[in-house]
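# Overview (structure and organization)
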Amino acid sequence: MAIWDEQFGGGLPQLAPNLTFPSTLSGNLGFARVTGINAVGSLTTALSLSGRFSVSLLQFENITGEPVTVKLTIDSVVVWNDTFTSSSNIRILGSRNTNGSDVPETISCNSSFLLEIQTTADPSVGLAYLARPIL
């Protein structure tokens, strides 16, 4: 492991101080939740972060089955920009295996993280997410 760290700068990100964690989470669920996102007809910000963050869960919830557009921009680079037909819950980061267990996936940003969504007619989309500040 030491050779990998020396050659590639490996290792996990270090959490930055966050003195309001975990009280900012939704009860004991282990993530934060935003409700009532009205994204009808235009790209609407669902989550915007400034600074360095590690993000390990993104799931849109309670969406009407309809065409939606999801766009993710990290550090000024568009990473995702896709239109597809949604289901009631869309987990776009992190997954769940056939046993119902969560499968972690983590991405990070150095300066900015912008997640946007557009719906055809649904005025009340939810977002479950876990974002932690890192050094």
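Summary of the structure given here. All chains use their own residue numbering, which begins from 1 and follows the written sequence. Since the coordinates come from a predicted model, pLDDT governs what is reported: local features require at least 70, and pairs of side-chain atoms require 80 or more to be given and counted, while whole-chain, interface and lining totals use all residues. Water and hydrogen atoms were dropped before computing side-chain values, which therefore reflect all heavy atoms in the structure.

### As for the pattern of salt bridges
By definition, a salt bridge exists where a carboxyl oxygen of Asp or Glu is found within 4 Å of a side-chain nitrogen of Lys or Arg. Taken as a whole and judged by the stated rule, the model has one salt bridge. A salt bridge links E61 to R33, with the shortest nitrogen-to-oxygen separation between them at 3.0 Å. You can see E61 sitting in strand β3 (residues 53-61) and its partner R33 sitting in strand β1 (residues 32-37), a full 28 residues away along the chain. Using a 1.4 Å probe on the protein chains alone, a residue whose accessible area is under 20% of its type maximum counts as buried, one over 50% counts as exposed, and one in between counts as partly exposed. E61 gets classed as buried once you look at its relative accessible area, which sits at 10%. Take R33: its relative accessible area is 37%, and that puts it in the partly exposed class. In DSSP terms, a helix is any run of H or I states spanning at least four residues, a strand is any run of E spanning at least two, and both are numbered starting from the N terminus.

### Observations concerning the nonpolar core
Working definition of a nonpolar core: buried Ala, Val, Leu, Ile, Met, Phe, Trp, Tyr and Cys residues. They are joined through side-chain atoms within 4.5 Å. Membership of the largest hydrophobic core comes to 26 residues, with the highest contact counts inside it found for L58, F60, F113, L115 and I117. Looking at this core, the elements that each hand over two or more residues are β1, β2 (44-50), β3, β4 (67-74), β6 (90-93), β10 (112-119) and β11 (125-133).

### Overview of the pairing of β10
Bridge count for β2 against β10 is six bridges, and the pairing is antiparallel. Each bridged residue has a counterpart across the sheet, and for S48 the counterpart in β10 is L114. The pairing criterion is simple: DSSP has to find at least two bridges between the two strands. Note: β4 against β10, seven bridges, orientation antiparallel. Counted as the bridge partner of V70 is I117 from β10.

Note that all results are geometric; they support no functional claim without further evidence.
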